[in-house]
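As a plain string of letters, each chain reads:
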Number of protein chains: 2
Amino acid sequence: MKLAVFGPGLLGSSIALAARRRGDFRVAIWGRREEAVAELRAREIGDLASTDLAAVARDADLAVLCVPIGAMPALARQLAQMLPRTALVTDVGSVKAPVVHDLGAIFRGNARFVGSHPMAGSEQQGLHAARADLFEQHVCIVTPDAQSEPEAVAEISSFWERLGCLVRRLPPEEHDEIAAAISHVPHLLAAALVNAVAGANPDAFAFAGPGFRDTTRVASGPPEMWTEILGVNRRAVKKSAEAMIEKLREFLTLLDSPAAGGDATMNQFLTSAKAQRDRLRVRA
Amino acid sequence: MKLAVFGPGLLGSSIALAARRRGDFRVAIWGRREEAVAELRAREIGDLASTDLAAVARDADLAVLCVPIGAMPALARQLAQMLPRTALVTDVGSVKAPVVHDLGAIFRGNARFVGSHPMAGSEQQGLHAARADLFEQHVCIVTPDAQSEPEAVAEISSFWERLGCLVRRLPPEEHDEIAAAISHVPHLLAAALVNAVAGANPDAFAFAGPGFRDTTRVASGPPEMWTEILGVNRRAVKKSAEAMIEKLREFLTLLDSPAAGGDATMNQFLTSAKAQRDRLRVRA
């Protein structure tokens, strides 16, 4: 099996490392810049690392697109002419409806495309942060649509499972609503919290403890990537952020009426949050 | 030196463990309930563990109150009659202005009181989570007021430094503003985020990755304690939460006007947050 990975960032490099460790893949990885490819070679991230798109795509059984969402369609149009018709293609974009729509159309008749979103990023960027175990025990959401071949969906799911993922399936639109709630809005909250503290009193950072550290960790993620994600998933992000503001306002109203049972209701609010959070199972 | 710790929770037990490990303290620890004291003894958290307040307080050089904020004044009134006049007293309450006001008045003429707030909690509760290294490399805020003796402030600071803390000083009111921004509101955000997701689509939790896990970790903290903290620090929490909502609204407005430079300004918003967050230094 030849695996072709396009994009030398954290996800692309970690996929290449994880697949090589499995041993049943020949891994080729493409980077646009010579410097990135030199680093891929130095770290032996793939059996082949190259800036030559055709060389990486040639005879691939499986192709994974790991470039920013905005760069996907142009890359896909080139690959549609280079990949075998039998190749299975997926991507790792954090927003799925527009990507699945565009890439599905581009690959139709050229290769078999199914979208994916491994929930295993990090605030760290680039191949220096790559890890063969990045995906282990983390969820990967596979997002078939009406055009997807069931066999292709099963094969992509099995690929992610071989990298260690817990595979779940969602239609692309439903994925985008859920990703807004559990990933995109949490990122926005972390960034807004840091900016709110900086605006009120930048000296406050010097007093922070582990709670603030963890609550804001994702705010260290790449700004360009997140600007794109939040912008492309605009509608779902707004809906989810408004629900969040409403919950905050609900609590602030309780704070104003401690005597009228506000304290008991605040306790219920926090108890309910604790109960849900205690049930969360995400690998450390 | 005899150290008397009042309260067998995470902080009290960890203080006792850390001080015993130092070796230059005899440590007595008080718990209200027999069950808790039995556990303290089983884990050898102190040289003496007892429900007898007077026995724990007797001849103490240093006393640390580690009970919920609301229980502090009643405990302090009893201790004021039991501790030596030369004893140095502090507490670990997360809100300082009201605690320092009340305990300062209660101990005046009986013992020397200075407030403290070690920024080293955890979402875990109770003595089973206690660790001798809980405080190492974490900030402890010592909060002298106009009545504090400089020598007592220096001695309390030195105590926390011996447990491994990075000691900083703030007036109690300033502490409460800063704690609202970097601890109390982040807790509220985590709880509100969990409740917002649960309200919109409880199935979404099954898709969460490490970002959601870390952003919401503190929501697993004890609801009673946090209801009390948020209620007692009501004014500063509201101010800080409103600043947070304003930042969120600022971003949502940008989301609506991508063509009018919104995307560039979103990028600036996230870049600024990343720059501040990258500078944060909190021990892992």
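Residues numbered from 1 in each chain as written. Chains lettered and ligands numbered in written order. Predicted model: local features only at pLDDT ≥ 70, side-chain atom pairs only at ≥ 80, totals over all residues. Heavy atoms only, no water.

Draft legend 1. Highlighting the sheet that holds strand 3 (residues 48-50) of chain A. All names here are of chain A. An order of 3-2-1-4-5-6 is seen for the six strands of this open sheet, with the pairing classed as parallel. Every other strand in the sheet has two partners, leaving strand 3 and strand 6 (112-113) as the edge strands with one partner each. Against the sheet, helix 2 (residues 34-42) contacts strand 2 (26-30) and strand 3, and its axis sits at roughly 165° relative to strand 3. Along the sheet face, helix 6 (residues 150-162) touches strand 1 (2-6), strand 4 (62-65), strand 5 (88-91) and strand 6 and points at about 60° away from the line of strand 5. (Pairing = 2+ DSSP bridges. Helix = DSSP H or I, 4+ residues; strand = E, 2+ residues; numbered from the N terminus. Contact = heavy atoms within 4.5 Å. Axes fitted to C-alpha atoms, helices over the stretch in contact; angles between N-to-C directions.)

Draft legend 2. Expanded view of the packing of helix 7 (residues 172-200) of chain A against helix 7 (residues 172-200) of chain B. Look at helix 7 of chain A against helix 7 of chain B: their axes get within 11 Å of each other, and the N-to-C directions meet at 160°. Judged by the inter-axis angle, helix 7 of chain A sits roughly antiparallel to helix 7 of chain B. Helix 7 of chain A and helix 7 of chain B meet at a crossing whose hand is right-handed. Contacts between helix 7 of chain A and helix 7 of chain B involve Ala 181, Ile 182, Pro 186, Leu 189, Leu 193 and Val 197 of chain A from the former and Ala 181, Ile 182, Pro 186, Leu 189, Leu 193 and Val 197 of chain B from the latter. Each residue belonging to the contact of helix 7 of chain A with helix 7 of chain B can be placed in one class, and the counts come to twelve nonpolar, no polar and no charged. (Parallel < 35°, antiparallel > 145°, perpendicular 65-115°, else oblique. Left-handed = near helix turned anticlockwise from the far one by under 90°. Nonpolar A, V, L, I, M, F, W, Y, C, P; charged D, E, K, R; others polar.)

Draft legend 3. Local environment of the interface of chain A and chain B. The interface of chain A with chain B comprises 81 residues on the first partner and 81 residues on the second. Taken together, chain A and chain B are joined by six salt bridges. Residue Arg 217 of chain B pairs with Asp 214 of chain A through a salt bridge whose shortest N-O separation is 2.7 Å. Our count for the contact surface shared by chain A and chain B stands at 26 residue pairs in polar contact (both at pLDDT 80 or more). Those elements that provide at least two residues to the side of chain A that touches chain B are strand 8 (139-143), helix 7, helix 8 (210-216), helix 9 (223-232), helix 10 (234-255) and helix 11 (258-278) of chain A. With 15 residues, the single largest contributor to the side of chain A that touches chain B is helix 7 of chain A. Considered class by class, the residues forming the side of chain A that touches chain B number 47 nonpolar, 18 polar and 16 charged. (Salt bridge = Lys/Arg side-chain N within 4 Å of Asp/Glu carboxyl O. Polar contact = N/O pair within 3.5 Å; in protein donor to acceptor, adjacent residues only side chain to side chain.)

Draft legend 4. Main features of unusual backbone geometry. Unusually for a residue other than glycine, Asp 59 of chain A sits at a positive phi of about 60°. Looking at where Asp 59 of chain A falls in the secondary structure, it is placed in the loop between helix 3 (53-57) and strand 4. By relative accessible area, Asp 59 of chain A is classed as exposed at 55%. Within the chain, Gln 137 of chain B stands out as a residue other than glycine whose phi angle is a positive 70°. Positionally, Gln 137 of chain B belongs in the loop between strand 7 (115-118) and strand 8 (139-143). (Buried < 20%, exposed > 50% of the residue type's maximum accessible area, 1.4 Å probe, protein only.)

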